[in-house]
Every structure is written in C-alpha cells, then in structure tokens.
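Listed here are the chains, written in short residue letters.
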Amino acid sequence: MTITVYHNGTVFTGSTAAPNAEAFAVADGRFLACGSASAVADAARSLASAANADTEVQAVDLSGSFVMPAFVEAHTHLLMLGQALEKVQLRDCNSIAEVQERLRQARAENPDAKHLFGVGWRFEIFDDAQPTAALIDSVVSDIPVILDANDLHSAWVNTAALTALGIDEHTPDPHGGEIVRDANGQATGYLIESAAILIAWPFAENAVDDAGRDSFLDTAAAAYLAAGVTTVTEMAGNPTILATLRRRLERDGRLPLVTNMHWLIRPDSEVANVVAQVEEAAALRDELAASYGTDWLRLIGIKIVSDGVIDGCTAAMHEPYITGAHPAPIWSSEAAVAATVRAHELDLQVAFHAIGDAAVTLGCEVFEAAKERQPGHDLRPRIEHLEYVSEETFARLAENNITASMQPVHADPAVLKNWQAVLGDARAEGGFAWQKMREARVPIVLGSDAPTAPHETLPNLFIAVTGRSALQPELEPYHPERAFTPAAALTAMTHTAAWATHRDEEVGQIAAGLRAHFTVLDHNPLTADAETVLRGAVLQTFVDGAKVYSRR
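Residues numbered from 1 in each chain as written. Predicted model: local features only at pLDDT ≥ 70, side-chain atom pairs only at ≥ 80, totals over all residues. Heavy atoms only, no water.

Here we look at the nonpolar core
To keep things clear, this is the line we draw: Here the nonpolar core consists of buried residues drawn from Ala, Val, Leu, Ile, Met, Phe, Trp, Tyr and Cys, with membership extended through side-chain atoms lying within 4.5 Å. Burial status follows relative accessibility: with a 1.4 Å probe on protein chains alone, a residue under 20% of its type maximum counts as buried, one over 50% as exposed, and anything between as partly exposed. Under the scheme used here, helices are H or I runs from DSSP no shorter than 4 residues and strands are E runs no shorter than 2 residues, and both carry numbers assigned from the N terminus. What makes two residues a contact is simply this: any of their non-hydrogen atoms within 4.5 Å.
Ranked by internal contacts, the top residues of the largest apolar core, which has 108 residues, are Ile-302 and Met-437. Broken down by element, the residue count for this core peaks at eight residues, all from helix 11 (residues 357-373). With near-sequence residues (within four places) excluded, Met-437 lies in contact with Leu-386, Val-389, Phe-394, Leu-397, Ala-404, Met-406, Val-442 and Ile-444. Of all hydrophobic cores here, the second largest spans 22 residues; its members include Ile-143, Leu-147, Trp-156 and Tyr-190.

Here we look at the packing of helix 10 (residues 333-345) against helix 11
Spelled out, the test is: Lines are fitted to the C-alpha atoms to define the axes, a helix being fitted only along its stretch in contact, and any angle between axes, read from their N-to-C directions, falls within 0 to 180 degrees. Should an angle fall under 35 degrees it is taken as roughly parallel, and over 145 as roughly antiparallel, whereas 65 to 115 is taken as roughly perpendicular and any remaining angle as oblique. Crossing chirality is assigned from the near helix's rotation relative to the far helix, an anticlockwise turn below a right angle marking it left-handed and a clockwise turn marking it right-handed. Charged residues are taken to be Asp, Glu, Lys and Arg, nonpolar residues to be Ala, Val, Leu, Ile, Met, Phe, Trp, Tyr, Cys and Pro, and polar residues to be all remaining types, Gly included.
Orientation of helix 10 relative to helix 11, taken along the N-to-C sense of each, is 45°, at an axis distance of 9 Å. By the angle class used here, helix 10 and helix 11 are oblique. Considering the relative orientation of helix 10 and helix 11, their crossing is right-handed. Every residue of helix 11 that contacts helix 10 at Ser-333, Ala-336, Val-337, Thr-340, Val-341 and His-344 is listed here: Leu-362, Val-366, Phe-367, Ala-369, Ala-370 and Arg-373. Residues of the contact of helix 10 with helix 11, tallied by class, amount to eight nonpolar, three polar and one charged.

Let's talk about empty space enclosed by the protein
Taking a probe equal in size to a water molecule and rolling it over the atoms shows the remaining empty space. Basically, it comes down to this: Only protein atoms enter the 1 Å grid used here, on which a cavity is any set of points holding a 1.4 Å probe that cannot leave and a pocket is any open set flanked by protein within 12 Å on both sides along at least five of seven lines; residues with an atom within 4 Å of a point are listed as lining. Grid points are joined across faces, edges and corners, and a volume is the space filled by probe spheres set on the points.
A complete count under the given rule lists one cavity of 30 Å³ or more for this structure. Estimates place the volume of the largest cavity at around 60 Å³. Lining the largest cavity are Phe-71, Val-72, Glu-73, Val-229, Leu-446, Gly-447, Ser-448, His-455, Glu-456, Thr-457, Asn-460 and Met-493. For the lining of the largest cavity, the secondary-structure elements that each account for two or more residues are strand 8 (71-76) and helix 16 (457-466). When residues in the lining of the largest cavity are grouped by element, the largest group, three residues, is from strand 8.

Overview of the sheet that holds strand 15 (residues 229-237)
Spelled out, the test is: Only strands that DSSP links by at least two bridges are regarded as paired with each other.
Across the sheet, which stays open at both edges, the eight strands sit in the order 8-15-16-17-18-19-20-21 with parallel pairing between neighbours. Two strands bound the open sheet, and with one partner strand each, they are strand 8 and strand 21 (444-446). Between one strand and the next, the sheet's axes are offset by a mean angle of 25°, whatever the strand orientation. Here strand 19 (residues 382-385) runs beside strand 20 (residues 403-406); their pairing, made up of three bridges, is parallel. The residue bridging Ile-383 from the neighbouring strand is Ala-404, located in strand 20. Relative to strand 18 (residues 349-354), helix 11 is tilted by about 160°, and along the sheet it contacts strand 18 and strand 19.

A few points about helix 9 (residues 271-292)
Counted only if it meets this: Between the first and last residue of a helix there are one fewer steps than residues, each counted as 1.5 Å, and that sum is the expected span.
Helix length check: helix 9 (22 residues) gives 32 Å between terminal C-alpha atoms against 32 Å at 1.5 Å per residue, within 8%. Listed as buried for helix 9 are Val-274, Val-275, Gln-277, Val-278, Ala-281, Ala-282, Leu-284, Arg-285 and Leu-288. For helix 9, the elements touching its buried residues are helix 8 (239-252), strand 16 (258-264), strand 17 (297-305) and helix 10. Downstream of helix 9 by one or two residues, Gly-293 has phi in the positive range, about 75°.

Here we look at the packing of helix 7 (residues 210-226) against helix 8
Between helix 7 and helix 8, whose axes approach to 10 Å, the crossing angle comes to 80°. The angle between helix 7 and helix 8 places the two elements in the roughly perpendicular class. Facing Asp-210, Arg-213, Asp-214, Leu-217 and Asp-218 of helix 7, the residues of helix 8 in contact are Thr-240, Thr-244, Leu-245, Arg-247 and Arg-248. Grouping the amino acids of the contact of helix 7 with helix 8 by side-chain chemistry returns two nonpolar, two polar and six charged.

Shown next, in the form of structure tokens:
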C-alpha cells in the first residue's frame, strides 16, 4: 500500500465546518486525513506503522497550487454532450448568415456525409422571425440537416430532414410540442419542445451505431475530466443511454465518471401509464444495483419535464409573453402528483423541470401534495432551472426543502437578449434570482445543463460570482447583486451537488473516508480577481486517488 501526503498547497475542503486545510493524505483510493500539515503527517505515519512492511509513505509538494474537491456536475445530458461536441458549433453565430456559412463549410468538408447535425443556434439571430427550412436549403439541401437550439428545446431542420423525419401536412403535433406550419398547413422546418425531442432526437440517435455512442461517452468524459468534474447527474435517462453505460461497465467494470441517473418519464393522459413508467424506473434501479453495484452508476430517480423554455415562449408563465403566447404546463397536476407519490413510495428521487413561474408553482404544489400523503420522506426533491420565479414561491421552496438546481451559464448576458425581450420590461430584470433563493435558505446546486450551455466549470463559476458574461466579458453584468461568494459557489458545485444526489458520503468534500476525487487549479478562486478565474485552468484531476487528467 502507498500512502500519499499532499502538502504545501491551499486546500479548500468543501466543508463549512473546516473549509481550509494545509494538507491531506490519500490511501487505497480514499482520503485518509485532511487538516494541518502536522496532523496529516501523523495520520500517515500511524497508518504506515500499523500496516505491513510494504507500506510506503510518499510526499507530493503542491508548490502552492489550489486543491479542491472535484466538481460534481448537477445537471447534464452525457451522450448528448459527447455528440454535441462533435456537431457543427453555432452558439457563437450572431446572424443567420453566419449559421449558413458554418453549414456551407461543414458540408464542403464532409462531402460524403449522409446528414449534418449542428447545435447552439440562438433565437435572437431571427429578430421577429422564426427558423425555416428554406434558410438551410439555400446552403445545404441534398442531405438532412438538423440543428438543435441553444437550449435543446427546439430544432431547426431543412426540407430533406422533414422528409427523413416523415413530417408532412398530416403529421399530428405530439403531446406537449408543435410542428410549426405555414398558412397552407405545411411544416416550416421549426420543431418545438416534444416535436423536437420525440421526432428529431430519435433520428439523430439512430444515425449512429453503438460504436458512435461509445465514442460520445468517451468525448463527454474527457471533456468533463479536463474541467475537473468526476461525478455527473444524467437528467434524461433512457434505454439508449443506459445501454451505452452498461457496455462500458461490462467492458471495464467501471465508468469514466461516477454517474447518477434520473429516468425521463413521458407525459401521458392516462395516469396508470405514468405510474407504470415510474415502476419501470424502480425495477431498473434494482436490477442495475444487483448487477453492477452503485459505485459508478446509480439510477436515483425520475425526471418530469413540466414546461419548455422562455426563449421559445414555451415555458409556463403566470402571465402571457409579449408575443401573446401563454402555454400551460405540459403535465397535468393529477399525473405529476401520481408520478411523484409513486416515486416516493419506491424511494425514487424526483427532479422536476420548471423554468417559468407557473411551472415552478406547479412543482411546489406537486411536492406539497406528495409530502402530505407521505410525511417524513427524505428524498431531497429538486426543481431544475427556475429561471423566473414568482415572489411567493421562494418561501414554499424552503418550507418543503426543495433543492433549486440552477445553471449560471444560462444567465450569461450574451444569451439573454431574446430571453428578456419575450418577457417584456416588467419581468426582464427579475430572472435567475439566486440571492432570493439564498435569503429564503433554499438549498442550491449549480450545474451547466450541458450541452444546452457550455460544460466548462470555471466560466460557469465566473458567471456565478460576477453576473458577467463568460462569452463576452465586456458586456454589462445582469444584476451582479445576485452573485454568489466564491466559497458559496464552489460549495454549490461540489458538496451540495453531491448531497442533492445522496452521494455526499462518497464525494464532494476532501474529508477522511470519502473517495479521493479532487482537482488542482492554477489559481485560487477564493481570492483571485474575476478575470483570473475566467482565464484559469484545471491542472490535474484525480479519481479515487489516481490521476486521470493532467494539463499539458
């Protein structure tokens, strides 16, 4: 056995009781001790003397580097991230012409491609118009082109894609979505919400084989490890993702990242069908645990998507958008309560996607109803996103101990222009109310929702502590009074994120007994200026005490 003592660094433990330390020691993949240099050295010597003669104590000089618990990604879509990183990138395109040129170049570089996928287009490039197939046809018309919106809740496709997807004037809108049509009833090339999720996404999934999906997992994992992330929460579990993870477990006996999964439950007008989906998720959880244990993969709960997004005017709001749109939540209260109650009976956590204030209110009502029927459960219910929340809701979140799972990258001022425009002046300044969550003592976790936003941790941290744009730092911040302190933001990205998935006794802190997942940065984000945080880098990432990433 080797005991490794790390010293001469700045150690952020993630513990509120003792947030700072001088050194820590690792043995057998777990933290042995953390604290003063002398106390850690004593603990290492004590274990070494009690162990066999082959035990070795080695010292690693951190040379003043900043060490912290590895980041815990609170909300991601793992394979979609891997695939998105291989798609045509459109997030930085500021006009339709730029998107068209990007597509033209991609087609020229891949003349044998059978389809073309892109991701990240922003609503503001259309001003008052909408995406149309004709805009893509003018540059690529011979193969299907499917472009996911920046928020992944809409798709922009060309005519060849409409044909490949089987969409014509007779295709019905799926529940909770819309195939946008012109005055003659013809599809325009714009698919909203479940029309994108249920029609376009399966085409993209089936366009690759298992080897391609395995590659997506590798790509996503490598990107996360380079960002200092070792634990992720997959928020749209489905058979395809699960099969990919199973293949890796069968091959390696482990995954590249500790993975928690929420199984995506589809809305249904029949409550019995919704309950059956929940029971299927519980059965899968038990089978996975029996087959592989829970160290690397754990199906921890279900996911309910109750509304869309503000940019597309599909998030459920109490008052209409400037456009006049006023969509209702996708789920009925009856079905959502039934799913939540059954999930709690089966010890499944519930993650409730709610972006608009009406959807967040519905989420509170659902969890309150479940709490009345099943008092005493500690399943740590969570609502995802909460971009716009009505004033009376903050107290309800706190009273019901509902975790607010939020994403600073969604509040980057560079992507807020359309978001603010469709809400109108009265509401445009009231979004992403992190400070009101903190004042109400609502548990907060911070993630990225990749690939709807960049997965990198340090730009996300930069936005959280400044309210400024990581994409265009020269822009005015969006209400900087909402910002977190660096320590609070780091805690929300590590320990609280682990707590929210019941992994807090395994990861999320540098503390004796926990798995030795930690990250080394080239700066101290607790004391560095904001620009240094934005430009900063992850130097090394460790999983169970083993180095899995090192910056060249």
